[in-house]
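What follows is each chain in one-letter form.
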Amino acid sequence: MLVGIDDTDSPRGMCTSYLGAVLVRRLERSGIRVLETRLIRLNPNVVYKTRGNAAVCIAAEGEPETAFAAACGCVEDLADLAAPETNPGVAVCTEPPPPAFYYRALRDFCEISEAIDLLDAIGALYRGYKNRRGLIGATAAAASVLPDATYELLAYRRRECLGTPRQVDRTSVFLADELTYPHTWDSVDRANDVVVCVPHTPDPVLFGIRGESPEWVRRAREYIRSEEPLCEQVFRTNQGTDAHLMQGGIGGLLEGRSYAVRGTVAGRPETGPGGHVSVVIAGASGTARCMAYEPTKGFRDVVRALLPGDEVVAVGSYKGGSINLEKICVGRLATVPAVRPPLCVACGRRMTSAGRGKGYKCRICRMRAREPEYVYPERSLRPGWYEVPPSARRHLAKPLVRGDPPWCRTGGGGISFLS
Ligand code: ATP
């Protein structure tokens, strides 16, 4: 059976993954065998989310009624039910809901009634609290399929520590990263000299280590010195897989969805107030603005180095009419030269314009020339993929250390999408 849970936290505390970790232990105590614990990220653009739009699914063997009672018990004991924005959902399914629902919740927007219809159709045990919105995430988590998966080890804080600053030794986190990267990633952001895996939000997470296997995240964890955690849980997850992306065409982008979009840089990048950088790209049916916000730090220099005519793939969520860049592929670089008057072949001085359409003349020796000098600017950019730093990474975004996106080919012939 699959036990889906969502929407148990609020901005002032709790975390659905923590509730999942507690439920794993309660299920095991009641004789249920837990096979897998999944942390599933859904559409990052959903307005109802508290932080990272996460839901949990526990695959287990045993009595569905027992699991359902345990899951509801956890929600009633731990969820922040008093918070207006907390609307938990619990679903126990003996057959998985259709994966199409997972993909819609991941890439699009769903209605509560759709989740309920699906749960009814498969005879699931379910309960939605308050406005029942959590049933969307609970159903999507139970429906999840992970053709690509990563792992996260989450350590949770003891009750008496909640509300106090987290005690995690910074040097030990950098060491854990040094000794396990690239098998683990995003524990630290070396370029910006910050620890990324320790949150600053008022929830029970002490730290989270992301990596390619349960063994690697556990190995990294062994190096970390911190306050004594309450418990730890390794989740299989869709984080770091780009599962939220769809291939999109400029002119057809829908608000709140995430895309990979091919285009040609249509103007000079601009740095606006707050240090946010924008650049317009053009396709067959219009233009789209791409944004690299201030928190993306050095990534903005990549965007600033683009020139009109560069061929790119812009990757990110389409929000407020802009693509908020998570990464960008630079394909063929523009070879549009700058034009300036040539040097005089007689005296070696720079000539001046002889007037519109009249070529150039030397003011010293009166020589004339028709053709200008073409200057090809030295480009700092090389074709390839560039990404935001770990401190600005979205949960679902695939770090380049896991490999370039397999659906995109770059080369002498430019960029092409593989279906
Ligand atoms: P945490 O990461 O700590 O679990 P959160 O950021 O996941 O918090 P939730 O409290 O779970 O936020 O709120 C997200 C709400 O949005 C849930 O009720 C979930 O069912 C709902 N939801 C998730 N994805 C979609 C979607 N694609 N369309 C509509 N509603 C969604």
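Please read all numbers here as calculations on a predicted model, not as lab measurements.

Draft legend 1. Fine view of unusual backbone geometry. Put simply, Tyr181 and Pro182 share a cis peptide bond, and its omega is 5°. Along the chain, Pro182 falls in the loop between α6 (170-180) and β7 (184-185). One non-glycine residue, Asp7, lies in positive phi territory at about 60°. Among the structural elements, Asp7 can be located in the loop between β1 (2-6) and α1 (16-29). With a phi angle near 55°, Lys130 is a residue other than glycine that sits in the positive phi range. Residue position: Lys130 is located in the loop between β5 (125-128) and α5 (134-143). The partly exposed category is assigned to Lys130, whose relative accessible area is 44%.

Draft legend 2. Examining the nonpolar core more closely. Leu23, Leu27, Ile58, Val90 and Tyr156 are the most contacted members of the largest nonpolar core, which totals 35 residues. Looking at this core, the elements that each hand over two or more residues are β1, α1, β2 (33-41), β3 (54-61), α2 (64-78), β4 (89-93), β6 (150-156) and β11 (231-237). Two domains each donate at least three residues to this core, and these are domain 1 (2-143) and domain 2 (150-237). Once residues within four sequence positions are removed from consideration, Ile58 is found in contact with Met1, Leu2, Val3, Gly20, Leu23, Val24, Leu27, Val34, Glu36 and Thr37. If you look at the next biggest cluster of nonpolar residues, it comprises 30 residues, including Ala91, Ala115, Leu119 and Ala143.

Draft legend 3. Layout of the sheet that holds β11. Strand order in the open sheet made by the 9 strands is β5-β4-β1-β3-β2-β11-β6-β10-β7, with mixed pairing throughout. Edge positions in the open sheet fall to β5 and β7, since each of these has one partner strand only. As paired elements, β1 and β4 share 5 bridges and run antiparallel to each other. Residue Ile5 lies in a different strand from β4, and its bridge partner there is Val90.

Draft legend 4. Seen up close, the UniProt feature "domain: TiaS FLD" (unreviewed entry) in the protein. When the UniProt feature table is mapped onto this chain numbering, "domain: TiaS FLD" (unreviewed entry) sits at residues 133-244. For residues 133-244, the end-to-end C-alpha separation is 20 Å, with 27% helix and 24% strand making up the annotated structure.

Draft legend 5. Looking closely at the packing of α1 against α2. One can describe the packing of α1 onto α2 by two numbers: an axis separation of 10 Å at closest approach and a directional angle of 135°. Between α1 and α2, the crossing angle belongs to the class labelled oblique. α2 is crossed by α1, and the crossing has right-handed handedness. Contacts between α1 and α2 involve Tyr18, Leu19, Val22, Leu23, Arg26 and Leu27 from the first element and Ala67, Ala70, Ala71, Gly73, Cys74, Val75, Asp77 and Leu78 from the second. Taken together, the residues of the contact of α1 with α2 break down into 11 nonpolar, 1 polar and 2 charged.

Draft legend 6. Quick peek at the side chain of Arg157. Mapped onto the elements of the fold, Arg157 is located in the loop between β6 and α6. Taking relative accessible area as the criterion, Arg157 reaches 3% and is therefore assigned buried. Within polar-contact distance, the side chain of Arg157 engages the backbone oxygen of Pro165 at 3.3 Å. If sequence neighbours within four positions are ignored, Arg157 has contacts with Leu162, Gly163, Thr164, Pro165, Arg166, Asp203, Pro204, Val205, Leu206, Glu227 and Leu230.

Draft legend 7. Broad picture of the packing of aromatic side chains. Using the criterion set out here, one finds 3 aromatic pairs in the structure. In this structure, Arg133 is placed above the aromatic ring of Tyr48, and the distance from its NZ or CZ to the ring centre is 3.4 Å. The ring of Trp216 has Arg219 sitting right over it, with the charged end atom 4.2 Å from the ring centre.

Draft legend 8. Focus on the environment of Lys297. Relative to the elements of secondary structure, Lys297 occurs in the loop between β16 (286-292) and α8 (299-304). Along the chain, Lys297 and Val388 lie 91 residues apart, while their C-alpha atoms are 7.7 Å from each other. A polar contact of 2.8 Å, which involves the side chain of Lys297, links it to the side chain of Glu294.

Draft legend 9. Inspection of the site of the ligand at higher detail. The local shell around the ligand holds 22 residues, among which Asp7, Asp9, Arg51, Asn53 and Ala54 are the closest. A distance of 2.5 Å is found between an oxygen atom of the ligand and a side-chain nitrogen or oxygen belonging to Asp7. When the ligand is considered free in solution it has 640 Å² of accessible area, and contact with the protein chains removes 98% of it. Looking at the shell around the ligand element by element, the count peaks at 3 residues for α5. Its residues assigned to classes, the shell around the ligand comprises 8 nonpolar, 7 polar and 7 charged.

Reading the values: the criteria
- Residues numbered from 1 in each chain as written.
- Predicted model: local features only at pLDDT ≥ 70, side-chain atom pairs only at ≥ 80, totals over all residues.
- Heavy atoms only, no water.
- Helix = DSSP H or I, 4+ residues; strand = E, 2+ residues; numbered from the N terminus.
- Buried < 20%, exposed > 50% of the residue type's maximum accessible area, 1.4 Å probe, protein only.
- Core = buried A, V, L, I, M, F, W, Y, C linked by side-chain atoms within 4.5 Å.
- Domains from an automatic or database assignment.
- Contact = heavy atoms within 4.5 Å.
- Pairing = 2+ DSSP bridges.
- UniProt positions renumbered as here; feature names shortened; annotations may be inferred.
- Axes fitted to C-alpha atoms, helices over the stretch in contact; angles between N-to-C directions.
- Parallel < 35°, antiparallel > 145°, perpendicular 65-115°, else oblique.
- Left-handed = near helix turned anticlockwise from the far one by under 90°.
- Nonpolar A, V, L, I, M, F, W, Y, C, P; charged D, E, K, R; others polar.
- Polar contact = N/O pair within 3.5 Å; in protein donor to acceptor, adjacent residues only side chain to side chain.
- Phe/Tyr/Trp six-rings, centres within 6.5 Å; stacked < 30°, edge-to-face > 60°.
- Lys NZ or Arg CZ within 6 Å of the ring centre and 35° of its normal.
- Near = heavy atom within 4 Å.
- Areas by Shrake-Rupley, 256 points an atom, 1.4 Å probe, with all protein chains shown as cover.

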